[in-house]
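Geometric and topological summary
Given next are the chains, with one letter for each unit.
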Amino acid sequence: MAISHHVSLISVSLLITAFLSFSHAQTTAPAPGPAGPVNLTAILEKGGQYTTLIRLLKENQLDKQINSQLNNSFNGMTVFAPTDNAFNNLKTGTLNSLTQQDQVSLVLYHVLPQFYSTEQFQTASNPVRTQASGSGGVYTVNITSTTSQVNISTGVDETAITNTLSSTMPLAVYSIEKVLLPYDLFGAKPPASAPPPKSTDKNPKGTAETPSGTGSGDTANNSAVGTKWSSLVGLGFMGIALGALL
């Protein structure tokens, strides 16, 4: 009995020691490090089919601007990411025809200054503001949503979200198969105003018309007639004078 009791005490002691060692290991384990800053281009690169969008972001230094805003924003952001295929389907020369400022506007047109989950699109109030703007003000899009699909319309084209690349606050990134074309850049331009009709008045303003029958030719004729009458009258008086002398 004494031996059994001694063995039991040893077993309990070993169990207590093991438990304390495990508890100590749990309490002293290092805490996980803080999450790194959100990086849009890293998400796109992981997606593997957004090289044109990444190039436009980097060439115009928008990647740094967006990442900075993301990590200093309470509202977050939403990005619609056109695939390389979407850019390839643009009319030839579309990107090259844009100025650098227009390229910036085109890229920022795909960025919303607020985080939207797919569920939140259902309550979005149209028109939805984007990060792009021009002389006419902020560029907007219209978003319609059901439980199974989200459509984005620009007034020039329309497309739907096909895939979710990121949906964690502060950044939502959704893949689309068309490039969103802002109406301000690609919409129909109003026709140029017609020039004012040319004046049909042959006489310049302030020049009085010469009355009919009193032109320069008539004036010359009248002068000639007057000269003839003066000569005849003169001859008549000379004849009377000579008659009186005779």
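This text follows the structure it describes.
Scope of this entry: the structure provided in the associated data block. Keep in mind that this is a model prediction, so the values were computed, not measured. (Residues numbered from 1 in each chain as written. Predicted model: local features only at pLDDT ≥ 70, side-chain atom pairs only at ≥ 80, totals over all residues. Heavy atoms only, no water.)

1. Regarding the overall build of the protein chain
What counts here: Strands here mean DSSP runs of E at least two residues long; helices mean DSSP runs of H or I at least four residues long; both are numbered from the N terminus. Categorising residues by exposure relies on relative accessible area from a 1.4 Å probe, with only protein chains included: less than 20% of the type maximum marks a residue as buried, more than 50% marks it as exposed, and the intermediate range marks it as partly exposed. Throughout, a contact is declared for two residues whenever any of their heavy atoms are within 4.5 Å. Calculation of accessible area relied on Shrake-Rupley with a 1.4 Å probe; when residues are assessed, cover is drawn exclusively from the protein chains displayed.
Along the protein chain, the regular secondary structure elements total eight helices and seven strands. Per-residue burial over the protein chain gives 30% buried out of 246 residues. Considering only intrachain contacts with a sequence separation of at least 6, the fraction spanning at least 24 residues in the protein chain is 63%. Counting only carbon and sulfur atoms, one obtains 58% of the accessible surface of the protein chain, whose full area is about 16,700 Å².

2. Looking at the nonpolar core
Within soluble globular proteins, side chains that are nonpolar tend to cluster in buried spots. Put simply, the test is: By nonpolar core we mean a set of buried residues, namely Ala, Val, Leu, Ile, Met, Phe, Trp, Tyr and Cys, connected to one another through side-chain atoms within 4.5 Å.
Counting 47 residues, the largest nonpolar core has Leu 44, Phe 80, Phe 121 and Ile 143 as its most contacted members. Of the residues forming this core, the biggest block, five residues, is contributed by strand S7 (residues 171–176). Those residues within four positions of Phe 80 in sequence are excluded, and the remaining contacts are His 110, Leu 112, Phe 121, Ile 143, Ile 152, Ile 161, Tyr 174, Ile 176 and Leu 180.

3. Some thoughts on helix H3 (residues 51–59)
What H3 keeps buried is the set Thr 52, Leu 53, Ile 54, Leu 56 and Leu 57. For H3, the secondary structure elements touched by its buried residues are helix H2 (40–47), helix H4 (62–70), strand S1 (77–82), helix H5 (84–88) and helix H6 (100–108). A positive backbone phi angle near 55 degrees is found at Gln 61, which sits one or two residues after H3.

4. Digging into the packing of aromatic side chains
Stated formally: Each pair of aromatic rings taken from Phe, Tyr and Trp, with Trp reduced to its six-membered ring, is defined by centres within 6.5 Å and is described as stacked if the planes are under 30 degrees apart, edge-to-face if over 60, and tilted in the remaining cases.
Evaluation of the coordinates by the stated rule reveals four aromatic pairs. When the centroid spacing of 6.1 Å and the interplanar angle of 75 degrees are considered together, the rings of Tyr 109 and Tyr 139 count as edge-to-face. Here Tyr 139 lies in strand S4 (residues 137–145) and Tyr 109 lies in the loop between H6 and strand S2 (111–112), a separation of 30 residues in the sequence. The exposure class of Tyr 109 is buried, given its relative accessible area of 1%.

5. With respect to the environment of Ala 132
On the secondary structure map, Ala 132 appears in strand S3 (residues 128–134). Since its relative accessible area comes to 1%, Ala 132 is described here as buried. The sequence separation of Ala 132 and Ser 105 amounts to 27 residues, and the corresponding C-alpha distance is 5.0 Å. Not counting residues up to four positions away in its chain, the partners in contact with Ala 132 are Ser 105, Leu 108, Tyr 109, Val 138 and Tyr 139.

6. Regarding the pattern of salt bridges
Basically, it comes down to this: One side-chain nitrogen of Lys or Arg within 4 Å of one carboxyl oxygen of Asp or Glu is enough to make a salt bridge.
Within the structure shown, the criterion is met by two salt bridges. Between Glu 45 and Lys 58 there is a salt bridge, with its nearest N and O atoms 3.7 Å apart. On the criterion of sequence distance, the pair formed by Glu 45 in helix H2 and Lys 58 in helix H3 is long-range, its members being 13 residues apart. For Lys 58, a relative accessible area of 44% gives the class partly exposed. For Glu 59, the salt bridge identified is with Arg 55, shortest N-O distance 3.3 Å. Remark: Arg 55 and Glu 59 occur in helix H3; sequence separation between them is four residues, near one turn of the helix.

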